[in-house]
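Coordinate inspection notes
Each chain is listed here by its residues.
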Amino acid sequence: MDRARSASRAPRALVLLYGGTFDPVHNGHLAMAEAAWRATGADRLIFLPAGQSPFKAPDAAAGAHRLAMLEAALAMLPGAEIDPRELQRPGPSYTVATLAAYREAMGPEVALLWLLGADAAMALHRWHGAEALPSLAHFLVVARPGAEAFAPAAPFWRALRACPVSAFRDAPAGGWAYLEAGAYPIASRVVRETLRAGPGGSGRSAHDLLPPAVSSYIQTHGLYATSS
């Protein structure tokens, strides 16, 4: 067998990266990630909890707690990984720096795919170093039911090519696709507000929105209480 020719026909590796504060990680996060993993057939799914988002107020829960909750939650997604590098890096967590580090470590041929919700994608062109993002990764935008319709903002999105979800392995970076997974109906902010309201405060239980292990962790450590 001609090993060189065989290797050249091997499919390009595809790595799905999901960044966020995960404050706390909830069922919507897991459903969104699972739907994207299934739709793309990515070889790896890696969660990247942010140290400090440049766009949000300081996190309600410390990084160590958010990491522990994510570790507990991923028992429901066998094979998914966690990369804590952004928690370990001082200052704001810039996606462009994380993607540049992945590109350097994994080489120029691996396809990197950044997963984000449509609400975050609306502001993607304003992210730090946004002009470099199309050369570093693909982007998969997932609809959030009930959210504003996604409308790509120029000129940033013109630097990316629209492609089917199945086509991310065709190139290492530079494409984008939209996935209507119906998988992301809640936000961490809503979970925190519901937890702070307490039983009966909002007419629903935040713990119904959380993986059981995360719910238990929050109760054990007294997170997101009114006094926090």
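Located above this text is the structure these notes cover.
Here's a quick rundown of the structure. Sequence positions are assigned chain by chain, starting from 1 and proceeding in written order. Per-residue local features are limited, in this predicted model, to residues with pLDDT of at least 70; the limit for side-chain atom pairs, both in listing and counting, is 80 or more; totals at the level of whole chains, interfaces and linings are taken over all residues. Side-chain numbers here rest on the full set of heavy atoms in the structure, without hydrogens or water.

Secondary structure elements are taken from DSSP: a helix is a run of H or I of four residues or more, a strand is a run of E of two residues or more, and numbering for both begins at the N terminus. A tally of helices and strands in the protein yields 8 helices and 7 strands. Only protein chains enter the area calculation, which uses a 1.4 Å probe; residues under 20% of their type maximum are buried, those over 50% are exposed, and those in between are partly exposed. Going through the 228 residues of the protein one by one, you find that 49% of them count as buried. Whether two residues are in contact is decided by their heavy atoms, any of which lying within 4.5 Å being enough. Counting contacts in the protein only where the partners sit at least 6 residues apart, residues at least 24 apart contribute 74% of the total. Note on areas: Shrake-Rupley, 1.4 Å probe, and residue coverage restricted to the protein chains presented here. Carbon and sulfur atoms make up 54% of the accessible area of the protein, which totals about 10,800 Å².

With that out of the way, let us pick up the pairing of strand S7 (residues 175-179). Most of S7 sits out of view: 4 of its 5 residues are buried. As paired elements, strand S5 (residues 138-142) and S7 share 4 bridges and run parallel to each other. Across the sheet, the residue bridging to Phe139 is Trp176, located in S7. By the bridge criterion, 2 bridges tie strand S6 (residues 161-162) to S7 in an arrangement that is parallel. By the bridge assignment, Ala162 is partnered in S7 with Trp176. Strands were regarded as paired on the criterion that DSSP finds at least two bridges between them.

Turning to the packing of aromatic side chains, a few remarks are in order. Each Phe, Tyr or Trp ring, with Trp reduced to its six-membered ring, pairs with another whose centre is within 6.5 Å; inter-plane angles below 30 degrees give stacked pairs, above 60 give edge-to-face pairs, and intermediate values give tilted ones. Counted under the stated rule, the structure contains 5 aromatic pairs. Relative to Phe47, the ring of Tyr18 has its centre 5.3 Å away and its plane inclined at 45°; by these criteria the two rings are tilted. Placement of the pair is Tyr18 in strand S1 (residues 14-20) and Phe47 in strand S2 (residues 44-49), with a sequence separation of 29 residues. Both residues of the pair, Tyr18 and Phe47, count as buried. Both rings, one in Phe156 and one in Trp157, keep their centres 5.4 Å apart while their planes meet at 85°; by these two values the pair is edge-to-face. When sorted by exposure, Phe156 lands in the same class as Trp157, which is buried.

Attention now goes to the side chain of Arg66. Relative to the helices and strands, Arg66 resides in helix H3 (residues 63-73). On the basis of relative accessible area, Arg66 is assigned to the buried category, the value being 1%. Side-chain atoms alone can form a polar contact between residues adjacent in sequence; in general such a contact is a pair of N or O atoms within 3.5 Å, and within protein one must be able to donate a hydrogen while the other accepts it. At 3.4 Å, the side chain of Arg66 and the backbone oxygen of Gly51 are in polar contact. A polar contact is formed between the side chain of Arg66 and the backbone oxygen of Ala61, at a distance of 3.2 Å.

Turning our eyes to something else, we now look at the sheet that holds strand S4 (residues 111-117). Read across the sheet, 7 strands follow the order S3-S2-S1-S4-S5-S7-S6 without closing on themselves; strand pairing throughout is parallel. Edge positions in the open sheet fall to strand S3 (81-82) and S6, since each of these has one partner strand only. Axes here mean lines fitted to C-alpha atoms, for a helix over just the part in contact, with angles spanning 0 to 180 degrees between N-to-C directions. Of the strands in this sheet, S2 and S3 touch H3, which is tilted by about 155° from S2. Packing against the sheet, helix H5 (residues 95-106) makes contact with S1, S2, S4 and S5, and its axis sits at approximately 155° to S4.

Right, let's talk about the environment of Leu210 for a bit. Residue position: Leu210 is located in the loop between helix H7 (188-197) and helix H8 (212-221). As a C-alpha pair, Leu210 and Gly28 span 182 residues in sequence and 8.4 Å in three-dimensional space. Setting aside residues no more than four positions away along its own chain, Leu210 makes contact with Pro24, Val25, His26, Asn27, Val191, Ser215 and Ile218.

All right, on to the packing of H3 against H8 then. Running from N to C, H3 and H8 cross one another at 150°; their axes reach a closest spacing of 8 Å. The angle between H3 and H8 falls in the class roughly antiparallel. Seen from above, H3 lies across H8 with right-handed handedness. Where H3 approaches H8, its residues Ala64, His65, Ala68, Met69, Ala72 and Ala73 are matched on the opposing element by Ala213, Val214, Tyr217, Ile218 and His221. Each residue gets one label: Ala, Val, Leu, Ile, Met, Phe, Trp, Tyr, Cys and Pro are nonpolar, Asp, Glu, Lys and Arg are charged, and the others, such as Gly, are polar. For the contact of H3 with H8, the class distribution of residues is 9 nonpolar, 2 polar and no charged. Working rule for angles: under 35 degrees goes down as roughly parallel, over 145 as roughly antiparallel, 65 to 115 as roughly perpendicular, anything else as oblique. Here a crossing is taken to be left-handed if its near helix is turned anticlockwise relative to the far helix by less than a right angle, and right-handed if that turn runs clockwise.

Here we come to H5. In this model H5 runs 16 Å from its N-terminal to its C-terminal C-alpha over 12 residues, within 8% of the 16 Å that 1.5 Å per residue would give. Every buried residue of H5 is accounted for by Thr95, Val96, Thr98, Leu99, Tyr102 and Arg103. Buried residues along H5 cover an arc of 160° about the axis, so they all sit on one side. Among the exposed residues of H5, those pointing more than 90 degrees away from its buried face are Glu104 and Ala105. Positive backbone phi, approximately 95°, marks Gly107, located one or two places after H5. Given a helix with a known number of residues, its expected span is that number minus one, times 1.5 Å. Our arc is simply the arc of the directions from the helix axis toward the C-beta atoms.

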